[in-house]
Every structure is written in structure tokens, then in C-alpha cells.
Amino acid sequence: MLKVTTKDPLHYDGHLLVYFAQKKGDKKLICNAKEVEKALRQPMKAGDFIGEKGQTFLFYPQQCAKGEGGVFKAKRVLVVGLGEFEGDVASCREEFRLAAGTAVTTARSLQARDALTVLPGFLKFSALGVAECVAEGLILGNYRFSKYKKENGSNENGKPLTKLTIHAGGFTNTQVEKGVALGRASALAGCAARDMANEPGNGWTPQRFADFGKKIAHNSDLKCRVLEKSDMKKLGMGGLISVNQGSALPPKLVILEYISGKKNPTLMFVGKGLTFDSGGISLKPSPGMEEMKYDMCGGAAVISAMQIVAKEKPGDVNVVALIPATDNMSGSAATRPGDIITHYNGVTSEVVNTDAEGRLILADALSYGVEKYSPDIVIDLATLTGAVIFGLGHHRTGLLSNNDELVTRIMDAGDDAGEPLWRLPLGPEYTKQLKSEVADLKNIGGKPAGTITAAAYLEHFIGKTPWAHLDIAGTAWNFTEKSYIPKGPSGIGVRTIANLIRNWYPLKKTSKG
Ligand code: BES
Ligand code: MN
Ligand code: ZN
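Quick caveat, the model's predicted, so the values are computed rather than measured.

What counts as what
Residues numbered from 1 in each chain as written. Chains lettered and ligands numbered in written order. Predicted model: local features only at pLDDT ≥ 70, side-chain atom pairs only at ≥ 80, totals over all residues. Heavy atoms only, no water. Buried < 20%, exposed > 50% of the residue type's maximum accessible area, 1.4 Å probe, protein only. Helix = DSSP H or I, 4+ residues; strand = E, 2+ residues; numbered from the N terminus. Polar contact = N/O pair within 3.5 Å; in protein donor to acceptor, adjacent residues only side chain to side chain. Contact = heavy atoms within 4.5 Å. Donors = N, O, S within 2.8 Å, 3.2 Å for Na, K, Ca; no water. Axes fitted to C-alpha atoms, helices over the stretch in contact; angles between N-to-C directions. Parallel < 35°, antiparallel > 145°, perpendicular 65-115°, else oblique. Left-handed = near helix turned anticlockwise from the far one by under 90°. Nonpolar A, V, L, I, M, F, W, Y, C, P; charged D, E, K, R; others polar. Tetrahedral: all angles 85-135°; square planar, octahedral: opposite > 155°, others 65-115°. Near = heavy atom within 4 Å. Areas by Shrake-Rupley, 256 points an atom, 1.4 Å probe, with all protein chains shown as cover. Core = buried A, V, L, I, M, F, W, Y, C linked by side-chain atoms within 4.5 Å. Domains from an automatic or database assignment. Phe/Tyr/Trp six-rings, centres within 6.5 Å; stacked < 30°, edge-to-face > 60°. Lys NZ or Arg CZ within 6 Å of the ring centre and 35° of its normal.

(A) Structural view of unusual backbone geometry. One non-glycine residue, F85, adopts positive backbone phi at about 65°. Judged by relative accessible area, which is 14%, F85 ranks as buried. Phi at S374 is positive, roughly 35°, even though this residue is not glycine. Here S374 shows up in the loop between α10 (358–373) and β15 (377–382).

In C-alpha cells, the structure reads:
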């Protein structure tokens, strides 16, 4: 669905040809093609298009003189402004995604079916990086979920394009091919995660996580194991069992292993796969409850990222993913507030509020994964607390960790992916809020610092392993409005994980940061 071409853009006779323009002061615009630069002179003089970030200019070559755009065979030509193009690498990468997102959004609103995007080869920026980010912006921006809509996939924003093509525009082709391959893999994984999240609770069930795991393991170097309810009982996964008790659907613990070499470092990812969160007996209020189908976005991010691993087969890391999956319902066997459960590692917990269920299923997955695989690091992703939305809004993922170096790595990987994070503290004063009169822990720590106490709960299940918890409750959907992020699920986390895996090198210290 996204290809690289070496054919001269002049000969492209499709629906939309896209160029990028860089602003140089107030009087100059730089673009790949002289004809386009000429075509932009009048609009620039008139002040209609000055190449600002996100600005667009559309013209119809058939109406233009030869030297001013008339040479193109395309039905339309769209120019997207890049502004002056300054800033650090991460912000430039984001600019490319945004510009590509703007291009594809405009194309859709014009009812275009195909588009050729010419990369800004005149810029002093890594060809691979530009190609990667433009590919991401195009594919992620072209995403729509219309599976359950009758009118053949269209909605108010037009139909997705069926054919996207990139031209290197002066960059080295081999680098562009490499970048497009990276961006395409990440973006398709992001779209896969969005598809899962868009499915309702009766669509994306725990079984679907298991099916998806098996599907990506099939014919790849990944191994998929699915722990069933009976296995969980034998293993003593009291948290997962407890959350599932009120449900008619069986829970699944989906495990994907990618082992490239016994001596290689092992990265472990754990994702909350709560396919619908009613709150259980501590029932949530009805308004907005339908949104709780998104409570599996951590699991979606982790399992979709494994799709990238299956494709790219990194030679220098092992990657293990665990997705504890169940819904949280209030059937007659449901956990009662006050019930005491025993987690996989023997820690007992008083379930004061059955709506604080994410930590219960993550606790078992984390302690099981850490014991079985002795990973070098473990990162969990979860839509864990509403409180993180009060703290950080929908713009940054909450990050909590026991290791400073791991924090830096994740923050950098997130910035490079356009998925920013912000760290919150941990500490004994917060952990104290989880003290129970009757068990080792209780599952809620009261109103203050809800995001931190949730993470403090998880900290009891990772031993000394360098660990980070990403609370994506605010960013998994309604993430900051962007050209390449439509309303609804964002697919957050997928590309941060991909960056971490692709660029991994061992942490310096393995002790607590
Ligand atoms: N899945 C929710 C967290 C959530 C809330 C995600 C709002 C997205 C939007 C989680 O299971 C939950 O219910 N958390 C409770 C914890 C509380 C009972 C301590 C919350 O945040 O209210
Ligand atoms: Mn809940
Ligand atoms: Zn939940």
C-alpha cells in the first residue's frame, strides 16, 4: 500500500502530486521542482501561501503555463509548507509526520484515490529519517476504521487512499527504501493497534489477542504460547483469575517469544489487555462507559509491536511480550470488594475496589515474566488510571520507573516517535498508601496520587529488574489532535517500543537508578 518509485514525478498522471516547500526568510521558498517554485511566486506575493508549517497550496497543472506548473501530468499538485525547518532531530521528525499527515488528509478531502509524494531532498537531514517519518505520516494519516459502516468505507473525512507512492526527490534511493521500510512497518503496526482498540468489547475479546499472537508467530521466528484459565489456576495467578471471575469469557495470557541468541539481552514488554472494563462490582457510572473498550490499548501496543519484530528479526536482542487479557465484568461469580487474592509471586492483596483491576492482571504477568525469562529490562504499558489524565492531559504518557537510565532511553525513544512522555516519582511514602490491615497490599491507595500508587503496586512484582511503567490512559485515545492521528485510538506506544528495540544497547548499571 506504500511503494517507492523512481519514475520522474513529471510523468505521474495520478490524482495528486505532493511536494514540500521550505520557507527561507520572507521572500523565498525552496522546493524540488523549479516549476513549482515558479507556480508559488504569485501566491507568495499575495501572502496566500508563505510556506508556513502545515500551510497548503493546491494548483491544477492543466490551467498553468508550461514554466509555471503546466508541465505536470498529475490532475492536481499540492504543496505543503515545512516552515523554516529548524529545531532538534525529534521535532524535525515530527514535522515530517505532520506534513505527510496534512498531505494525505487533504488528498482524502479531495476524494483522491492515489497520491505521489516527493521527498524534500534539498534538506540537510538524514534521507532515511525523512523517508521513515513521511511514510509513517502518510499511512497513519490515511487510517480510518469503517468496518462496521455500510457506505463502503467512507465517512465525513472521505475514503482512505488506496495507493500511496513516495519519490526520493534527490535523496539517495537506497536510504529512502530503508527508511520507508521502517516507517511502513511501524505505521502498519500502529494501525493494527488502532483496529484492535476500535473493536468493541464483543469484537476484540481475549481470544482475539490469542488468535493475533498465533497469527504473527505463524511462519516467523516468534513463538506464541497462550496460558489458559486452567494454567493460570495451576500457576497461582490470583489476580488474573480474580478479575475474570465475573465474566462469561475465559481469560488468556498471550506470550510471544523472540529469541535471537541465548547471550543477547532480553527486553520484556507487558501490555494490559482489558477488553472491556465495566468496573466489576465497583461498577463504573454509565455515561462514557462505552469508552472502556479501549482498556486493552497497552496489550494492543505490545502485541502489534511484536508484528514488527516478526518482520525485522533483530539480530542482537531477544524480545518477550506478555498480554494478560480478560474483561472486567460483574457476573454472579465476580470478585467482591474486600476479597483477598494471592498473586503469582505469593503477595496477597485485598481487593478494595474491583475497578482497580489493571494492576491485578499486570501483577501476575510481570512476576511470571520476570521469573521465567530474567529479562534485562521490563516495560509495561497500560491504560491504568484516570488520574494520569488530570496530571498530564491527553498530551503525554505518564512514565514511572526504578531506573534513571531506562527513563532516558524511553523518553528519547518516545520523542523520536512523536509520543512524548513525562516522568512521575515513586517512593516509600506513596507505597505506604497501599498498606492493608488484612493482606500484604490493598489494590487502591486513595484519591491522592492515583497514578503513582498504581505504579507502586506494580513495583512489588518486578523484583530488582530495571522496570518502567507507561500509563497511557490519556494518550491511547483522543491523543493530541494531529494531522496523522485521527479521533479515537492513537496506537500510542507502538512506535516508542519499535524505536527501543531497534536501537537497544545494554544499560550501564543494572542496579536501581
Ligand atoms: N481502565 C481504568 C483507567 C482509565 C480511566 C482509563 C479512565 C481511561 C480513562 C482503570 O481500570 C480504572 O478503572 N482505574 C480507576 C482506579 C481507581 C479505582 C483507583 C480509576 O482511574 O478511576
Ligand atoms: Mn478499572
Ligand atoms: Zn481498567
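There's more to say after this.
(B) Fine view of the side chain of S401. Considering the arrangement of structural elements, one finds S401 in strand β16 (residues 397–401). What makes S401 buried here is its relative accessible area of 5%. Side-chain polar atoms of S401 contact the backbone nitrogen of N403, separated by 3.0 Å. Excluding residues within four positions of it along the chain, S401 makes contact with L406, V407, R423, L426, W467 and A468.

(C) Inspection of the coordination of the manganese ion (ligand 2) at higher detail. Binding of the manganese ion (ligand 2) to the protein goes through D277 (OD), D355 (O), D355 (OD) and E357 (OE), at separations of 2.1 to 2.2 Å. In primary-sequence terms, the residues that donate to the manganese ion (ligand 2) follow D-x77-D-x1-E. In this structure the zinc ion (ligand 3) is found 3.1 Å away from the manganese ion (ligand 2), and D277 serves as a bridging donor for the pair. With a relative accessible area of 1%, E357 lands in the buried category.

(D) A look at the packing of helix α4 (residues 127–141) against helix α5 (residues 173–198). Put simply, α4 and α5 touch, their axes get as near as 7 Å, and they point 30° apart. In terms of orientation, α4 lies roughly parallel with respect to α5. Between α4 and α5 lies a crossing whose hand is right-handed. In terms of residue class, the contact of α4 with α5 is made up of twelve nonpolar, five polar and five charged.

(E) Region of interest: the coordination of the zinc ion (ligand 3). Taken together, K272 (NZ), D277 (OD), D295 (OD) and E357 (OE) make up the full set of protein donors to the zinc ion (ligand 3), lying 2.0 to 2.4 Å away. Taken together, the six donor atoms coordinating the zinc ion (ligand 3) span angles of 78 to 176° at the metal, a pattern that classifies the geometry as octahedral. Counting along the primary sequence, the residues that act as donors to the zinc ion (ligand 3) give the motif K-x4-D-x17-D-x61-E.

(F) Up close: the site of ligand 1. Taken together, 16 residues are adjacent to ligand 1, and K284, D295, D355, E357 and G386 come closest. Here D277 contributes a side-chain N or O atom positioned 2.9 Å from an oxygen atom of ligand 1. At a separation of 2.8 Å, an oxygen atom of ligand 1 approaches a polar side-chain atom of K284. Look at ligand 1: alone it shows 510 Å² of surface, and the protein chains cover 79% of it. For the shell around ligand 1, a count of residues per class yields five nonpolar, four polar and seven charged.

(G) Spotlight on the nonpolar core. Counting 104 residues, the largest nonpolar core has V176 and I379 as its most contacted members. Two domains each donate at least three residues to this core, and these are domain 1 (2–193) and domain 2 (208–502). Setting aside chain neighbours within four positions, we find V176 in contact with V4, L119, A127, A131, I166, A168 and F171. In terms of nonpolar packing, the next biggest core, distinct from the first, is built from 42 residues, I361, L384, L434 and A455 among them.

(H) The packing of aromatic side chains, seen in detail. Following the criterion strictly, the structure yields twelve aromatic pairs and no others. Judged by centre distance (5.1 Å) and plane angle (40°), the rings of F85 and F96 are tilted. With F85 in the loop between β5 (77–81) and α3 (89–109) and F96 in helix α3, the pair connects residues that are eleven residues apart, well separated along the chain. With respect to class, F85 is no different from F96; both count as buried. Between W204 and F209 the ring centres are 5.5 Å apart and the planes differ by 85°, which places this aromatic pair in the edge-to-face class. The side chain of K293 reaches across the aromatic face of Y294, ending 5.7 Å from its centre.

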